[in-house]
Amino acid sequence: MTADTDEVDRIVGAWTTQRPDLEFSPMEVLSRVDRLSRRLDRARREAFSRTDIEPWEWDVLSALRRAGAPYQLSPKQLLLQTLVSSGTMTNRIDRLVSRGFVRRESDPGDGRSVLVTLTEDGRVRVDAAITRLMDAEVKLLGRLSPAERSRLATLLRRLSLSFDDAS
């Protein structure tokens, strides 16, 4: 391999030789996306482990943090943002309460409902995790210019939206 080729180039080249009747451009794109996804997953796990949170904890804590002060959402709102079952969400909230990252509070607008609120410790952890995550992601994209990042984001958004339209 040269400085301008990667493992995917080698694989596609071999397949092209063996099966010249097939179009391998999808493999050139999606194999690279898959490889980058695995690197991103490792970078995220490292960023989260350095702040002593699990990826599933990040999902809930970051949803609360993004909600803005007072960092509260209903369990149903959390379900919609994290795409897990209600039983899974109940278990996750219980575990986060036991770690002191969130607390359950009565909804002042509806006494029968509960709001999940991010605690100060939860906010500190999620803020540390997002800082470490952004540092790692900047490093992963370091070889791309800002214009290239923007173009790639646009193309990936278009592809992502095509999947959303299909479901």
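Here the structure is shown first, and the text comes after it.
This report concerns the structure included in the present document. (Residues numbered from 1 in each chain as written. Predicted model: local features only at pLDDT ≥ 70, side-chain atom pairs only at ≥ 80, totals over all residues. Heavy atoms only, no water.)

1. As for the packing of aromatic side chains
Part 1 of the reasoning: Applying the stated rule across the entire model yields 2 aromatic pairs.
Part 2 of the reasoning: Where Trp15 meets Phe24, the ring centres are 6.3 Å apart and the plane angle is 20°; that geometry is what we call stacked.
Part 3 of the reasoning: Residue Phe24 is classed as buried on the basis of its relative accessible area of 10%. (Phe/Tyr/Trp six-rings, centres within 6.5 Å; stacked < 30°, edge-to-face > 60°. Buried < 20%, exposed > 50% of the residue type's maximum accessible area, 1.4 Å probe, protein only.)

2. Looking at the nonpolar core
As a rule of thumb, soluble globular proteins bury nonpolar side chains together.
Part 1 of the reasoning: If you look at the biggest cluster of nonpolar residues, it comprises 22 residues, and the most contacted ones within it are Phe48, Ile53, Trp58, Leu61, Leu64, Leu78 and Leu96.
Part 2 of the reasoning: Listed by contribution, the elements that provide at least two residues to this core are helix H2 (25-49), helix H3 (55-66), helix H5 (86-98), strand E3 (110-118) and helix H6 (120-140).
Part 3 of the reasoning: In terms of residue count, the dominant contributor to this core is H3 (6 residues).
Part 4 of the reasoning: Those residues in contact with Leu61 that lie beyond four places of it in its chain are Ile53, Leu96, Phe101, Val102, Leu118 and Val126. (Core = buried A, V, L, I, M, F, W, Y, C linked by side-chain atoms within 4.5 Å. Helix = DSSP H or I, 4+ residues; strand = E, 2+ residues; numbered from the N terminus. Contact = heavy atoms within 4.5 Å.)

3. What to know about the packing of helix H1 (residues 7-18) against H2
Part 1 of the reasoning: At a minimum axis distance of 10 Å, the contact between H1 and H2 shows a crossing angle of 145°. H2 is crossed by H1, and the crossing has right-handed handedness. From H1, Glu7, Val8, Asp9, Ile11, Val12 and Trp15 reach across to H2, where they touch Met27, Glu28, Ser31, Arg32 and Arg35.
Part 2 of the reasoning: A class-by-class count of the residues in the contact of H1 with H2 yields 5 nonpolar, 1 polar and 5 charged. (Axes fitted to C-alpha atoms, helices over the stretch in contact; angles between N-to-C directions. Left-handed = near helix turned anticlockwise from the far one by under 90°. Nonpolar A, V, L, I, M, F, W, Y, C, P; charged D, E, K, R; others polar.)

4. So, the pairing of E3
Part 1 of the reasoning: Alignment of strand E1 (residues 72-73) against E3, held across 2 bridges, turns out to be antiparallel. Among the inter-strand pairings, Leu73 is bridged to a residue of E3, identified as Val116.
Part 2 of the reasoning: Note: strand E2 (residues 102-107) against E3, 6 bridges, orientation antiparallel. Across the sheet, residue Ser106 finds its bridge partner in E3, namely Val114.
Part 3 of the reasoning: Here E2 folds back onto E3, and the loop between the two strands holds 2 residues. (Pairing = 2+ DSSP bridges.)

5. Some words on unusual backbone geometry
Part 1 of the reasoning: Ala69 connects to Pro70 through a cis peptide bond whose omega is 10°.
Part 2 of the reasoning: Tracing the chain through its elements places Pro70 in the loop between H3 and E1.
Part 3 of the reasoning: Positive phi outside glycine occurs at Tyr71, with the angle close to 60°.
Part 4 of the reasoning: By the secondary structure assignment, Tyr71 is in the loop between H3 and E1.

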